[in-house]
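For reference, the chains in residue letters:
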Amino acid sequence: MKEIKHFINGEFVGSASGRMFDDINPATGQVIARVHEGGKAEIDLAVAAARAALTGPWGKMPMAERMDLLMKLAHGIQARAAEFAQAEVADNGMPITLASHVNIPRGSANFIQFAEHFKYVATECWEMEGALNYALRRPLGVVGIISPWNFPLLLTTWKVAPALASGNTVVIKPSEETPATTALLADVARSILPPGVLNVVNGFGGDSAGSALTEHPDVDGITFTGETTTGQIIMRAAAGSLKKLSFELGGKNPNLIFADADLDACIETTMRSSFANQGEVCLCGSRIYVERPLYQAFLDKLVERIRTTVKVGDPTDPTTTLGALISREHLARVQTFLDSAKADGATFLTGGERPAGLPAHLADGAFLAPTVITGLGRDCKAQRQEIFGPVVTVTPFDTEEEVLELANDTNYGLSATVWSRDLARAHRVAAQLEAGIVWVNTWFLRDLRSAFGGMKYSGIGREGGVHSLEFYTELKNICIKL
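Each value, and the rule that gives it
- Residues numbered from 1 in each chain as written.
- Predicted model: local features only at pLDDT ≥ 70, side-chain atom pairs only at ≥ 80, totals over all residues.
- Heavy atoms only, no water.
- Salt bridge = Lys/Arg side-chain N within 4 Å of Asp/Glu carboxyl O.
- Helix = DSSP H or I, 4+ residues; strand = E, 2+ residues; numbered from the N terminus.
- Buried < 20%, exposed > 50% of the residue type's maximum accessible area, 1.4 Å probe, protein only.
- Axes fitted to C-alpha atoms, helices over the stretch in contact; angles between N-to-C directions.
- Parallel < 35°, antiparallel > 145°, perpendicular 65-115°, else oblique.
- Left-handed = near helix turned anticlockwise from the far one by under 90°.
- Contact = heavy atoms within 4.5 Å.
- Nonpolar A, V, L, I, M, F, W, Y, C, P; charged D, E, K, R; others polar.
- Core = buried A, V, L, I, M, F, W, Y, C linked by side-chain atoms within 4.5 Å.
- 1 Å grid on protein atoms, 1.4 Å probe; cavity = no way out; pocket = protein on both sides within 12 Å on 5 of 7 lines; lining within 4 Å.
- Points joined across faces, edges and corners; volume = space filled by probe spheres on them.
- Pairing = 2+ DSSP bridges.
- Phe/Tyr/Trp six-rings, centres within 6.5 Å; stacked < 30°, edge-to-face > 60°.
- Lys NZ or Arg CZ within 6 Å of the ring centre and 35° of its normal.

Student: So what exactly am I meant to see when it comes to the pattern of salt bridges here?
Tutor: As a working rule, side chains carrying opposite charge can pair if their charged atoms are close by. Scanning the model with the defined rule gives 24 salt bridges in all. Of the charged contacts in the structure, one is a salt bridge between glutamate 83 and arginine 80, with a shortest N-O distance of 3.0 Å. With a closest N to O distance of 3.1 Å, glutamate 463 and lysine 159 form a salt bridge. Of this pair, glutamate 463 sits in the loop between strand S22 (459–460) and helix H16 (465–472) while lysine 159 sits in helix H6 (residues 152–165), and the two are 304 residues apart along the sequence. Judged by its relative accessible area of 5%, glutamate 463 falls in the buried class.

Printed below as a string of structure tokens:
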């Protein structure tokens, strides 16, 4: 049986306690690896190694040389792309096409993006009477990275790349559900980065590795992507040492479709924004609002596309479009929302149950058919809470004012999508939506230099381009009397 160890100070090591836990393939229910479970002892070692590396060769390294190492990390991922993709599929349940065409390439691209972009970011200089002020950027220090299970490599490197580009060192705690590609990243880094620059400790949150990392006095910042209540726990844990925090949290994202929308383009994109990665995407448009004249035509086309084009099945099959949810426990959680919707009188146009006809080797897998629900009021559980599965609710609206009120009636504020050929209305509506990211006539189209993050319960701070630099560095002003 394969073992996944911690990576500390340039070496793969086991847990001091000897404890291990299972890494389970969510499509088959089979154990695919045994993972060493870390805690305070391993976090202490990793933080000490990261702290020492700040004053070693890494801390003295010129920027150009540091950026060259990041490019080597990108190329190292590319050289082993097939291995990374297979590991991601086995860990996460996502279709192999998504892993191969999106997740792994973006994991590599993140290093390229930040290595290139940070070379050209200038600081400020201000003249005043009798004095000169100029600013210096310095690394934040040791950064704790707590990464999620839905896009493990993509979202881990989205944080590791700018942290390293800024000159920091990192301690990563990957999700206990998906440790495999972070271990592969460490294996790539082992021959490229000085010891202690990148460290990985596997384990759980609560009173284990997660809390040890967030509470550690020698960790200068925590960046976390994940569920909102976990972010609240991390925030409380980090308060004692006033750590710098960056959170990208949950979403209950509205998709506003006006009657003048290009229906074919809208349906094509909505299929992705509803069901990509089994709906386990923080940016998925799970609340769909359709202007009444287009409402029935939209529903008819959406249901037809689901029935004729979606293939739920083995994630390793290139023809599969919808794989397994992350675990049977998460599937059971999603089922509670479906049960609640049924109790609230919802109509299920598709899905709501395990798909029929799955092969025998997937009998224990966490599968759910793509689900479209109508007939729910705004206060129903399925309309208000993040489901994080292949489930969307569709609701008609009559006026622009009404749909804006419905869209903003949520504790979340991560993303939103607007569909309309009326450019003035698109600008007007986008400006009024309470979301950190608004797409117009598209979805998931991003320039990695642009600001990424949420409002309200969906996060703290922004990532991307110079916005990541703001988090991963400290800005120091120096005033010289002339």
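Student: Mind showing me how you'd approach the packing of helix H10 (residues 263–275) against helix H11 (residues 292–309) here?
Tutor: Packed helices, taken two at a time, are described by the angle between their axes plus the distance between the axes. Put simply, H10 and H11 touch, their axes get as near as 10 Å, and they point 60° apart. For the element pair H10 / H11, the angle class is oblique. When you trace H10 past H11, the crossing you get is right-handed. Across from Leu263, Asp264, Cys266, Ile267, Glu268, Thr270, Met271 and Phe275 in H10, the residues of H11 making contact are Leu294, Ala297, Phe298, Lys301, Leu302, Arg305, Ile306 and Thr309. Per-class residue counts for the contact of H10 with H11 are 10 nonpolar, two polar and four charged.

Student: What am I meant to see in the nonpolar core here?
Tutor: Generally speaking, a soluble globular protein has its nonpolar side chains buried in company with each other. Residues Phe111, Leu164, Leu193, Leu198 and Leu283 are the most contacted members of the largest nonpolar core, which totals 70 residues. No other element matches the nine residues that H6 contributes to this core. Setting aside its immediate chain neighbours within four residues, phenylalanine 111 contacts Leu70, Leu73, Ala74, Ile77, Thr157, Val160, Ala161 and Leu185.

Student: What's the story with empty space enclosed by the protein in this structure? I'm lost.
Tutor: The gaps left among the atoms become clear once a water-sized probe is rolled over them. Taken as a whole, this structure holds four cavities of 30 Å³ or more when the rule is applied. In this structure, the largest cavity spans a volume of roughly 110 Å³. Gly279, Cys284, Ser286, Phe388 and Gly389 are, among the 17 residues lining the largest cavity, the residues nearest its centre. A breakdown of the residues in the lining of the largest cavity according to their chemical character gives seven nonpolar, eight polar and two charged.

Student: I would appreciate a short explanation of the sheet that holds strand S20 (residues 437–440) in the present structure.
Tutor: One key point about sheets: their strands pair by backbone hydrogen bonds, in either a parallel or an antiparallel sense. The sheet built from seven strands is open, its strands ordered S15-S16-S17-S14-S13-S19-S20 with mixed pairing. Edge positions in the sheet fall to strand S15 (347–350) and S20, since each has one partner strand and no second. The mean inter-strand angle of the sheet, taken between neighbouring strand axes irrespective of direction, is 25°. Here four bridges tie strand S13 (residues 254–257) to strand S14 (residues 287–291), and the two strands are oriented parallel to one another. Bridged to leucine 256 within S14 is tyrosine 289. The strands touched by H10 within the sheet are S13, S14, strand S16 (371–374), strand S17 (391–397) and strand S19 (415–419), with S13 carrying the most contacts at an inclination of about 170°.

Student: What's the story with the packing of aromatic side chains in this structure? I'm lost.
Tutor: For any pair of aromatic rings, the description rests on two quantities: the centre-to-centre distance and the angle between the ring planes. Taken as a whole and judged by the stated rule, the model has 11 aromatic pairs. Summarising the aromatic geometry, the rings of phenylalanine 114 and phenylalanine 118 are spaced 5.4 Å apart at their centres and angled 75° between planes, so their arrangement reads as edge-to-face. A relative accessible area of 3% means that phenylalanine 118 is categorised as buried. Aromatic side chains tryptophan 149 and phenylalanine 388 sit 5.4 Å apart centroid to centroid with 75° between the ring planes, which places their arrangement in the edge-to-face category. Of this pair, tryptophan 149 sits in the loop between strand S8 (142–146) and H6 while phenylalanine 388 sits in the loop between helix H13 (381–384) and S17, placing them 239 residues apart in sequence. Since its relative accessible area comes to 16%, phenylalanine 388 is described here as buried. By the ring-pair criterion, three or more aromatic residues cluster together here, those being Phe114, Phe118, Trp158 and Phe452. The aromatic ring of tryptophan 158 is capped on one face by arginine 106, whose charged end is 5.5 Å from the ring centroid. It is lysine 342 that lies over the ring of phenylalanine 348; its NZ or CZ is 5.5 Å from the centre.

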